[in-house]
Amino acid sequence: MNNKANYILVGLFVMILSFVFIASVLWLTLDKDNKTYGTYQVYINESVSGLNLKAPVKYKGVQVGSVQDIRLNPARPDAVYLLLKIEQNTPIKQDTYAMLSVNGLTGVAFIELAGGSLHAPEIQLQPDQPYPEIASKPSLFQRVDTAVNQFFSQQNSDSIAQSLKNIQTVTNTFAKHEQNIDQFLHNITETSYHTAQLSKDLSAMTQQVADTLQATQNTADSLNQLLQTNQDNIQHSTASIAEITDELHVLSRNLRNDMDFLGQQAAPAIVNNLTELQHLLRTARRLIHTLELKPNMLLFGNAKPDEGPGE
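Residues numbered from 1 in each chain as written. Predicted model: local features only at pLDDT ≥ 70, side-chain atom pairs only at ≥ 80, totals over all residues. Heavy atoms only, no water.

1. So, the sheet that holds strand β1 (residues 37-44)
Pairing in this closed barrel of seven strands is mixed, and the strands run β1-β4-β3-β2-β6-β5-β7 around the ring. Strand-to-strand, the axes of this sheet are offset by a mean angle of 40°, without reference to chain direction. By the bridge criterion, three bridges tie strand β2 (residues 56-59) to strand β6 (residues 109-114) in an arrangement that is parallel. Note that in β6 the partner of Val57 across the bridge is Ile111. (Pairing = 2+ DSSP bridges. Helix = DSSP H or I, 4+ residues; strand = E, 2+ residues; numbered from the N terminus. Axes fitted to C-alpha atoms, helices over the stretch in contact; angles between N-to-C directions.)

2. A word on the packing of aromatic side chains
Inspection of the entire model under this criterion finds one aromatic pair. Directly above the aromatic system of Phe110 lies the positively charged group of Lys58, at a separation of 4.6 Å from the ring centroid. Its guanidinium or amino end placed over the ring of Tyr97, Lys137 lies 4.2 Å from that ring's centre, counting from NZ or CZ. (Phe/Tyr/Trp six-rings, centres within 6.5 Å; stacked < 30°, edge-to-face > 60°. Lys NZ or Arg CZ within 6 Å of the ring centre and 35° of its normal.)

3. A look at the side chain of Thr90
Mapping Thr90 onto the fold places it in the loop between β4 (76-87) and β5 (97-102). For Thr90, a relative accessible area of 9% corresponds to the buried category. Setting aside residues no more than four positions away along its own chain, Thr90 makes contact with Tyr59 and Val64. (Buried < 20%, exposed > 50% of the residue type's maximum accessible area, 1.4 Å probe, protein only. Contact = heavy atoms within 4.5 Å.)

4. A few points about unusual backbone geometry
With a phi close to 65°, Lys54 is a non-glycine residue in the positive phi region. Using a relative accessible area of 58% as the deciding quantity, one classes Lys54 as exposed.

5. With respect to the side chain of Glu87
Here Glu87 shows up in strand β4. Classification of Glu87 by relative accessible area gives buried; the value is 13%. Setting aside chain neighbours within four positions, we find Glu87 in contact with Lys35, Thr36, Tyr37, Gln63 and Val64.

6. Regarding the nonpolar core
With 22 residues, the main nonpolar core has Leu51, Ile86, Ile111, Leu113 and Ile134 as its most contacted residues. Contributions of two or more residues to this core are made by β1, β2, β3 (62-73), β4, β5 and β6. With four residues, the single largest contributor to this core is β4. (Core = buried A, V, L, I, M, F, W, Y, C linked by side-chain atoms within 4.5 Å.)

7. Here's the deal with the pattern of salt bridges
Evaluation of the coordinates by the stated rule reveals two salt bridges. For Arg71, the salt bridge goes to Asp69, with nearest N and O atoms at 2.1 Å. As a salt-bridge pair, Glu133 and Arg76 come within 3.4 Å of each other at their nearest N and O atoms. Residue Glu133 is located in strand β7 (residues 133-136), and its partner Arg76 is located in strand β4; the two are separated by 57 residues in the primary sequence. Take Glu133: its relative accessible area is 25%, and that puts it in the partly exposed class. (Salt bridge = Lys/Arg side-chain N within 4 Å of Asp/Glu carboxyl O.)

Shown next, in the form of structure tokens:
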């Protein structure tokens, strides 16, 4: 009886343990994420080797979703079709773009989203598309590969070969004119020496000019101080000059009045006096002439002329 009870307890324990294990597995495998997701499609124009289903989708380094489907589209054979599940609150704008990136440590590929400016409009569903399409850009590896291919293209190879040929030509030219180059370098050395001497002279001249300017500044400051000191005297002198100028104006006006009076009243009297003086001078001149002819006239007076016979 005891053995049967032990078997029942062991069986019951095994059943409970199995139930707990199954519930744990189901709990771990079930999707516990309550976030809302949106579906978007992307066409990648390069190889997606290393990208797997459920690979992360990151927006500026933050995981916001996962890759749900990877396949080829016969309508666009040059690209790989990706179906992405992205969180609803992720700012997917019309200028947002997707590119393939690789984790540097693990080498696992994922989809990186970038762009999406603040004022850009939201991405819209086109009539001929089942899901909104996010634009894509080449990955870093693809850009490096394209740049390397362009660098080693036939045109660039020809250009490099031509450049090497030109370098060889220049080298040969330098070798032929080695002596002239040495002379040229010697001339450059002498020119540098003379330039250094000239720089020293210019420095000394600059110092002299600076001293002269300083002396000029000091003189200007002294004159300014002198002008400020004698400002009262200058103002007093200016006032005196103004008074003298006013007095000269008054004197000039009085002199003008006197000249007008002299011209209007005194001038005729002066003219009459001059006329009488002129008449007097003529009379005196005749008297002197008569005295020269008859000096005895002063003693005997003016004698009458002798009467001739028969009178």
